[in-house]
Amino acid sequence: MSAISITEIGIDELDPVMAIMAAAFDPGYGEAWTESQTLSMLVLPGVWLSLARIDGRPAGFALNRQIADEAELLLLAVAPDCRRQGVALALIDRTLALLRNRNGHRLHLEVRHNNPAIELYKRAGFTLIGRRPGYYHGIDGQIHDALTLSSVVQPA
Ligand SMILES: CC(C)(COP(=O)(O)OP(=O)(O)OC[C@H]1O[C@@H](n2cnc3c(N)ncnc32)[C@H](O)[C@@H]1OP(=O)(O)O)[C@@H](O)C(=O)NCCC(=O)NCCS
């Protein structure tokens, strides 16, 4: 059975994250961040990046930002050949566990209305709290609504 391990990484360890970023996101939607966008977010206070590995090999990442007792899951991605093995669920659990230790009470995220990741978030206990019309602009000029989902950080 494969072992998933997760660690928080710094700005000098971005290579595996950028490789997963390039492979994971559908280029049609323009949702992948560039290295400079990722770096400029990572240097802000309250931002952290978790890298998941399967048997030591980089498999997925989560980028999070906490402000006061609320946090946002900014990006979550798993390499295509590592999917459906629980990596994303493990990254969400890790984010919730870290928030619990940092007095975080809620975790929010935005997801494109037609992204199958919505099933993952429902499975992880997120609920729908809003819809933002025309929030995403695809590279083909199409616009897509975002759903805002939220999860309460349960006490341990
Ligand atoms: C969405 C994504 C992060 C899921 O990663 P993953 O590691 O495969 O997810 P998990 O294995 O933890 O999935 C756990 C459960 O979530 C649900 N789920 C995950 N991906 C799903 C999909 N594509 N369609 C339907 N349900 C899905 C299933 O219930 C799954 O359990 P199962 O495999 O036993 O059926 C991955 O597909 C990805 O990187 N997608 C591209 C980037 C993206 O859209 N990120 C989210 C928006 S920022």
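Residues numbered from 1 in each chain as written. Predicted model: local features only at pLDDT ≥ 70, side-chain atom pairs only at ≥ 80, totals over all residues. Heavy atoms only, no water.

Enquirer: Teacher, can you tell me more about the site of the ligand here?
Expert: Looking at the ligand, there are 19 residues lining it, with L76, V78, R84, G86 and R123 nearest. Between the ligand and the protein, one listed contact pairs an oxygen atom with a backbone N or O atom of V78 at 2.8 Å. The contact in question runs from an oxygen atom of the ligand to an N or O atom on the backbone of Q85, over 3.2 Å. Relative to its unbound accessible area of 910 Å², the ligand is 78% covered by the protein chains. Judged by the proximity of its atoms to the pocket grid, the ligand belongs to the largest pocket. (Near = heavy atom within 4 Å. Polar contact = N/O pair within 3.5 Å; in protein donor to acceptor, adjacent residues only side chain to side chain. Areas by Shrake-Rupley, 256 points an atom, 1.4 Å probe, with all protein chains shown as cover. 1 Å grid on protein atoms, 1.4 Å probe; cavity = no way out; pocket = protein on both sides within 12 Å on 5 of 7 lines; lining within 4 Å. Sits in = over half its atoms within 2 Å of the grid points.)

Enquirer: How do you make sense of the layout of surface pockets when you look at a structure like this?
Expert: A water-sized probe rolled over the atoms picks out the places where empty space is left. Computed from the structure, the largest pocket encloses a volume of approximately 1200 Å³. Forming the walls of the largest pocket are 37 residues, and the residues nearest its centre are L76, N115, A117, L120 and Y121. Elements that contribute at least two residues to the lining of the largest pocket include exactly β4 (70–78), α3 (87–101), β5 (106–112), α4 (117–123) and β6 (127–137). The biggest single contributor to the lining of the largest pocket is β4, with 7 residues. The residue makeup of the lining of the largest pocket, split by class, is 22 nonpolar, 6 polar and 9 charged. (Points joined across faces, edges and corners; volume = space filled by probe spheres on them. Helix = DSSP H or I, 4+ residues; strand = E, 2+ residues; numbered from the N terminus. Nonpolar A, V, L, I, M, F, W, Y, C, P; charged D, E, K, R; others polar.)

Enquirer: Would you explain the sheet that holds strand β3 (residues 57–67) in this entry?
Expert: Each strand in a sheet pairs with another by means of backbone hydrogen bonds, the pair being arranged parallel or else antiparallel. Spatially, the 7 strands line up as an open sheet ordered β1-β2-β3-β4-β5-β7-β6, and their pairing is mixed. Each edge of the open sheet is held by one strand with a lone partner, namely β1 (4–9) and β6. Between one strand axis and the next, the sheet turns by 25° as a mean value, whatever way the strands run. When β4 meets β5, the two strands line up parallel, connected through 3 bridges. The residue bridging E70 from the neighbouring strand is R106, located in β5. Against the sheet, helix α1 (residues 15–24) makes contact with β1, β2 (47–54), β3 and β4, and its axis sits at roughly 95° relative to β3, the strand it touches most. With respect to the sheet, α3 is in contact with β1, β2, β3, β4, β5 and β7 (143–152), its orientation differing from that of β2 by roughly 140°. (Pairing = 2+ DSSP bridges. Axes fitted to C-alpha atoms, helices over the stretch in contact; angles between N-to-C directions. Contact = heavy atoms within 4.5 Å.)

Enquirer: Would you mind showing me how to read the side chain of S150 here?
Expert: Of note, S150 is situated in strand β7. A polar side-chain atom of S150 sits 2.5 Å from a polar atom in the side chain of R106. There is a polar contact of 3.3 Å between the side chain of S150 and the side chain of H108. Those residues in contact with S150 that sit more than four places away from it in its chain are R106, L107, H108, G125, F126, T127 and I129.

Enquirer: Even after reading the chapter, I still don't get the pattern of salt bridges, so can you show me in this structure?
Expert: Enumeration over the complete set of coordinates arrives at 7 salt bridges. In this structure, E8 engages R94 in a salt bridge whose closest nitrogen and oxygen atoms are separated by 2.7 Å. Here E8, found in strand β1, pairs with R94, found in helix α3; they are 86 residues apart in sequence, far enough to count as distant. The partly exposed category is assigned to E8, whose relative accessible area is 31%. Of the residues examined, R94 reaches a relative accessible area of 25% and is grouped as partly exposed. Across the pair R57 and D81 runs a salt bridge whose closest N-O atoms are separated by 3.7 Å. Of this pair, R57 sits in strand β3 while D81 sits in the loop between β4 and α3; the two residues are 24 residues apart in sequence, bridging distant segments of the chain. On the basis of relative accessibility, which here comes to 45%, the residue R57 falls in the partly exposed class. (Salt bridge = Lys/Arg side-chain N within 4 Å of Asp/Glu carboxyl O. Buried < 20%, exposed > 50% of the residue type's maximum accessible area, 1.4 Å probe, protein only.)

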